[in-house]
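Structural overview
Listed here are the chains, written in short residue letters.
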Amino acid sequence: MDTQQIDVMVADASHEIYVDTILETIKNAAKVRGTGIAERTHEYVATKMKEGKAIIALCDDEFVGFSYIESWGNKQYVATSGLIVDDRFRGLGIAKRIKQASFMLARLRWPKAKIFSLTSGAAVMKMNTELGYVPVTFNELTDDEAFWRGCEGCTNHHILKEKERKFCICTAMLYDPTDPRNIKKEQERNNI
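Summarised in this report is the structure supplied together with it. Since the model is a prediction, treat every value here as computed from it, not as a measurement. (Residues numbered from 1 in each chain as written. Predicted model: local features only at pLDDT ≥ 70, side-chain atom pairs only at ≥ 80, totals over all residues. Heavy atoms only, no water.)

Right, let's talk about the sheet that holds strand β7 (residues 171-175) for a bit. The sheet built from 7 strands is open, its strands ordered β1-β2-β3-β4-β5-β7-β6 with mixed pairing. The open sheet terminates on both sides in strands that have one partner only, identified here as β1 (6-10) and β6 (134-136). Pairs of neighbouring strands in the sheet enclose a mean axial angle of 25°, with direction left out of account. Relative to strand β2 (residues 54-59), β1 runs antiparallel, the two sharing 5 bridges. Each residue of the ladder has a partner; that of V10, found in β2, is I55. Running over the sheet, helix α2 (residues 42-50) touches β2 and β3 (62-72) and is turned about 85° from β3. (Pairing = 2+ DSSP bridges. Helix = DSSP H or I, 4+ residues; strand = E, 2+ residues; numbered from the N terminus. Axes fitted to C-alpha atoms, helices over the stretch in contact; angles between N-to-C directions. Contact = heavy atoms within 4.5 Å.)

As structure tokens, then:
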């Protein structure tokens, strides 16, 4: 397949027709991987699209992949979440394109915010590392209760609760825009 045929873009209200497919793809991936993925509602994902806080990948009119962003803690933190690629399009570098697009969207909308990601996937950890994220303890993430309530839809939530939100199956990773290494990467990305 020619990956140039796959468009990665900021989603909008017109993409709501893909929400049920996205939710089903996420649910199926969680079953196959045997790991937790926080479940979201149709309304939640549709709202992310309408607010311009989501990235969608399409091949013509066919769903390929998705991710969304959300701000927390009075916009001091941003989470990139829900990264998923349909099985038929895996291994083509699409997840990396979506991850980079959601990262750039977060940087554009909230340039001073710390960006974090909770993941149990090695591929996402690698992508995060390439973008400048570093592993951190959970107490270095937002203390916004609304964010942590979002973990309640994950099959591993009981572990997070038992461990008093200190750790879980996921690895916490954080991008700090004030870190000198990230300032240098940002300058290189912008060719300054």
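Tallying each qualifying case throughout the model produces 10 aromatic pairs. The interplanar angle of 85° and the centroid separation of 4.9 Å between the aromatic rings of F103 and Y175 together place this pair among those described as edge-to-face. You can see F103 sitting in helix α3 (residues 94-109) and its partner Y175 sitting in strand β7, a full 72 residues away along the chain. Residue class for F103 comes out buried when judged on its relative accessible area of 0%. On the basis of relative accessibility, which here comes to 0%, the residue Y175 falls in the buried class. Three or more aromatic residues joined by ring pairs form one cluster here, namely W72, Y77, F116, F138, F147 and W148. The positively charged end of R40 is found above the aromatic ring belonging to Y44, 5.3 Å away from the centroid. A cation over an aromatic ring shows up here: K48 above the ring of Y44, its NZ or CZ 4.8 Å from the ring centre. (Phe/Tyr/Trp six-rings, centres within 6.5 Å; stacked < 30°, edge-to-face > 60°. Buried < 20%, exposed > 50% of the residue type's maximum accessible area, 1.4 Å probe, protein only. Lys NZ or Arg CZ within 6 Å of the ring centre and 35° of its normal.)

Two elements in contact, α3 and helix α4 (residues 122-131), have axes separated by 11 Å at closest approach and are oriented at 45°. Here α4 runs oblique to α3, going by the angle between their axes. Crossing handedness for the pair α3 and α4: right-handed. Contact residues: A95, K96, K99, Q100 and F103 in α3; V124, M127, N128, E130 and L131 in α4. Its residues assigned to classes, the contact of α3 with α4 comprises 5 nonpolar, 2 polar and 3 charged. (Parallel < 35°, antiparallel > 145°, perpendicular 65-115°, else oblique. Left-handed = near helix turned anticlockwise from the far one by under 90°. Nonpolar A, V, L, I, M, F, W, Y, C, P; charged D, E, K, R; others polar.)

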